[in-house]
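Listed below are the residues making up each chain.
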Amino acid sequence: MNRNNDFNHTLQAWLRDEAPSQASDRVLNAALERVATEPQRRGWLQRAAGGSTVTRLTRAAALVAVIAIALFVGLQLGKLAPDVGEPSQSAEASASPTASLSPSPTPSLAPSTPALPSLSPVVGCLDSPPDVKVLYDQADRAACFGNAPLTFDAHLAAAGVVDCPGEHDPAWIYCPADGWLTMIGDTNKTGAPFLLFGVDPTSGPEVSNTFDGNVRVTGHYDDLAAQTCREVLAIPGESPRPAAEMIQICRQTFVVTQVVPLEP
Amino acid sequence: MAQRELVELARSGDRDAFSALAASVVDRLYAVAMLILRDHSMADDATEETIVRAWRDLPSLRDPDRFDAWLRRLLVNACHDEGRRQRQRRPEITLLPDHEPSVGDASVGLAERDALERGFRRLTPDHRTAMVLHHYAGLSLAEVAESISVPLGTVKSRIHHATQALRAALEADARTDNMTRGGRA
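Residues numbered from 1 in each chain as written. Chains lettered and ligands numbered in written order. Predicted model: local features only at pLDDT ≥ 70, side-chain atom pairs only at ≥ 80, totals over all residues.

**Q** In this structure, what is going on with the overall build of chain A? I would like to understand it.
**A** The number of helices and strands found in chain A is eight helices and seven strands. Counting every position in chain A, which comprises 264 residues, the buried fraction comes to 28%. A fraction of 64% describes how many contacts in chain A between residues 6 or more apart in sequence connect residues 24 or more apart. (Helix = DSSP H or I, 4+ residues; strand = E, 2+ residues; numbered from the N terminus. Buried ≥ 20, exposed ≤ 12 C-beta atoms within 10 Å, placed from the backbone. Contact = placed C-beta atoms within 7 Å.)

This is how it looks when you write it as structure tokens:
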């Protein structure tokens with residue numbers, strides 16, 4: 001036991017001596033410079049709940065106004081309907097508003113796959129039409145790109161340990177750990193952004209044989225599997241996440257559907 | 001202003017509060033990153049990345065009181081990512097010692113330090129991380145497990161193996177030293 005204690009004391013003293021007492025100013029300055037232009041990641045629930053009291057009150061007032069107008073218009077339509085003589089028409093018109101909504105304007109991207117009804121309007125894009133080169137910078141990628149297939153060249157590597165406390169289903173889309181992509185060109189840049197991605201274990205491609213190589217990758221956000229995302233076991237000490245928030249998180253996962261190795 | 005308040009303000013998008021928060025933790029982050037990565041440049045990058053990720057993902061932190069543990073997880077991940085990046089960039093990476101090892105007639109203390117330095121560098125990043133969090137940051141084994149998202153048993157095993165390896169390094173060094181002294185005598 002003494003031998004253990006002696007060794008631990010020696011080690012701890014050595015670690016204390018070895019640890020630098022101060023980071024260089026450059027580190028903090030560089031980080032804060034990036035923070036100044038970096039948006040925070042917020043789910044739509046957080047965005048709706050966030051802001052100052054005044055902002056929230058304004059938002060609530062606007063919501064009340066919209067509901068009041070909608071009610072008023074609804075009542076007016078209700079009054080008009082008997083005069084037209086076909087009351088079922090207005091009901092049909094209001095029942096099918098957005099089922100075929102294309103989730104995003106993506107003219108510069110590959111053709112859209114059959115569209116899923118989007119949970120939120122196209123609000124996540126920093127630019128229009130959204131540019132795949134700034135994929136990483138879009139605050140709400142699912143809203144911005146929808147589930148349109150995106151193809152780009154990137155360096156592909158193993159994801160290693162990905163930190164996802166709690167238990168989730170499907171885990172592969174909540175906690176994407178199948179690999180990470182760095183767009184070619186950014187690969188050698190310090191601090192280059194990288195993208196963790198998920199692969200559907202039942203239908204996705206095998207990616208591990210292309211680790212540490214450059215690939216042409218195709219994938220999409222807002223995968224159908226996101227709609228079933230749920231928290232099986234909450235993070236210890238935290239309250240369970242609402243179902244809508246889980247779905248929104250999973251919609252932000254980039255799901256790889258095709259990987260083609262590029263010539264070295 | 002208390003850390004909790006700063007966290008709450010920063011979480012709601014206050015960049016000034018976040019700057020103050022980052023300034024209060026950057027030295028601690030850098031010290032841990034440096035011990036894990038054993039390279040100034042890599043530690044710089046991992047620390048910077050941790051701060052940026054903290055800002056970006058802060059809205060996802062539900063309990064401000066868990067900020068330190070949450071930040072530690074980000075740092076450990078950033079160190080892993082940085083290590084991976086460097087391995088890709090420099091396939092045959094050679095970690096140069098920060099100071100020249102002491103030689104010849106150095107005191108026992110210095111010899112021990114050199115042995116620890118060499119032994120520590122030979123540990124895998126996973127083993128170094130566990131050792132630094134436990135022996136430097138003072139976390140319990142359960143807290144280490146939470147920080148690096150592995151089972152408690154894995155942490156115990158990593159600490160055990162790393163300790164054995166370091167002990168072996170120290171003992172080997174002591175044997176070499178004795179032989180050298182014996183040879184001289």
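**Q** Hey, could you run me through the environment of Leu123 of chain B in this one?
**A** Residue and element names in this part refer to chain B. Within the secondary structure layout, Leu123 lies in the loop between α5 (108–122) and α6 (125–136). Leu123 sits in the buried class, given 20 other C-beta atoms within 10 Å. The spatial distance from the C-alpha of Leu123 to the C-alpha of Arg158 is 10.0 Å, given a sequence separation of 35 residues.

**Q** So what exactly am I meant to see when it comes to helix α3 (residues 40–57) of chain B here?
**A** Turn by turn, an α-helix covers 3.6 residues, leaving residues three or four places apart pointing in a common direction. The terminal C-alpha atoms of α3 of chain B, which comprises 18 residues, lie 25 Å apart, in line with the 26 Å expected from a rise of 1.5 Å per residue. Most of α3 of chain B is tucked away: 13 of the 18 residues are buried. (Expected span 1.5 Å × (residues − 1).)

**Q** Explain the environment of Arg53 of chain B here, please?
**A** Position of Arg53 of chain B among the secondary structure elements: in helix α3. Among residues more than four places away in sequence, those in contact with Arg53 of chain B are Leu74 and Ala78 of chain B.

**Q** Is there a simple way to explain the interface of chain A and chain B in this structure?
**A** Much of the literature gives interface size as the accessible area that the parts lose upon coming together. On the chain B side, the residues contacting the 39 residues of chain A number 43 residues. Elements supplying a minimum of two residues to the side of chain A that touches chain B: α1 (2–18) and α2 (25–37) of chain A. Residue classes in the side of chain A that touches chain B are distributed as 17 nonpolar, 14 polar and eight charged. (Nonpolar A, V, L, I, M, F, W, Y, C, P; charged D, E, K, R; others polar.)

**Q** What exactly am I supposed to notice about the sheet that holds strand β3 (residues 179–183) of chain A here?
**A** Working definition: the strands of a sheet are paired by backbone hydrogen bonds and lie parallel or antiparallel to each other. If you walk around this closed barrel you meet the five strands as β1-β3-β4-β7-β5 (chain A), and the pairing is mixed. When the angles between neighbouring strand axes are averaged without regard to direction, this sheet yields 55°. (Pairing = 2+ DSSP bridges. Axes fitted to C-alpha atoms, helices over the stretch in contact; angles between N-to-C directions.)

**Q** Can you help me understand the pairing of strand β7 (residues 254–261) of chain A in this one?
**A** Side chains on a regular strand alternate between the two faces of the sheet. Residue and element names in this part refer to chain A. For strand β4 (residues 195–198) and β7, the ladder comprises two bridges, and the chain directions are parallel. Across the sheet, Phe197 pairs through a bridge with Phe254, a residue of β7. As defined by bridge partners, strand β5 (residues 213–220) adjoins β7 across six bridges and the pair is classed as antiparallel. Note on β7: the bridge partner recorded for Arg216 is Val260.

**Q** In this structure, what is going on with the packing of α2 of chain A against helix α2 (residues 15–37) of chain B? I would like to understand it.
**A** To characterise two packed helices, one gives the angle between the axes of the helices and the distance between these axes. Interaxial distance between α2 of chain A and α2 of chain B falls to 10 Å at its minimum, and their mutual angle equals 145°. Here α2 of chain A and α2 of chain B pass one another in a crossing that is right-handed. On α2 of chain B, the residues that touch Val27, Leu28, Ala31, Leu32, Val35 and Ala36 of chain A of α2 of chain A are Arg15, Phe18, Ser19, Ala22, Ala23, Val26 and Tyr30 of chain B. In the contact of α2 of chain A with α2 of chain B, the residues fall into 11 nonpolar, one polar and one charged. (Left-handed = near helix turned anticlockwise from the far one by under 90°.)

**Q** Explain the confidence of the model for chain A here, please?
**A** In regions of low pLDDT, the predicted coordinates are not meant to be interpreted in detail. Residues and elements named next belong to chain A. Mean pLDDT over chain A stands at 70; residues scoring 70 or higher make up 59%. The least confident element of chain A, judged by mean pLDDT, is helix α5 (residues 87–95) at 34; the most confident is α2 at 93. Across residues 82–122, where pLDDT falls below 50, the model places 58 contacts with residues more than four positions away in sequence or in other chains. Counting contacts from residues 187–192, a segment whose pLDDT is below 50, to residues more than four positions away or on other chains yields 10 contacts. (pLDDT = per-residue confidence, 0-100.)

**Q** Is there a simple way to explain the packing of helix α1 (residues 3–11) of chain B against α2 of chain B in this structure?
**A** Residues and elements named next belong to chain B. Contact geometry for α1 and α2: axes closest at 8 Å, N-to-C directions at 135°. Comparing the axis directions of α1 and α2 gives the class oblique. Our pair here, α1 against α2, has a crossing hand that is left-handed. Judged by residue contacts, Gln3, Leu6, Val7, Leu9 and Ala10 of α1 engage Ala17, Phe18, Ala20, Leu21 and Ser24 from α2. In the contact of α1 with α2, the residues fall into eight nonpolar, two polar and no charged. (Parallel < 35°, antiparallel > 145°, perpendicular 65-115°, else oblique.)

**Q** What am I meant to see in the nonpolar core here?
**A** A general trend in soluble globular proteins is that nonpolar side chains are found buried together. Counting 58 residues, the largest nonpolar core has Val26, Tyr30, Ala33 and Leu75 of chain B as the members making the most contacts within it. Here the element with the most residues in this core is α2 of chain B; it accounts for 14 residues. If near-sequence neighbours (up to four positions away) are discounted, Leu75 of chain B is found in contact with Leu29, Val32, Ala33, Ala46 and Thr50 of chain B. The next biggest cluster of nonpolar side chains, apart from the first, holds 31 residues, and it includes Cys144, Ile173, Phe197 and Ile249 of chain A. (Core = buried A, V, L, I, M, F, W, Y, C linked by C-beta atoms within 7 Å.)

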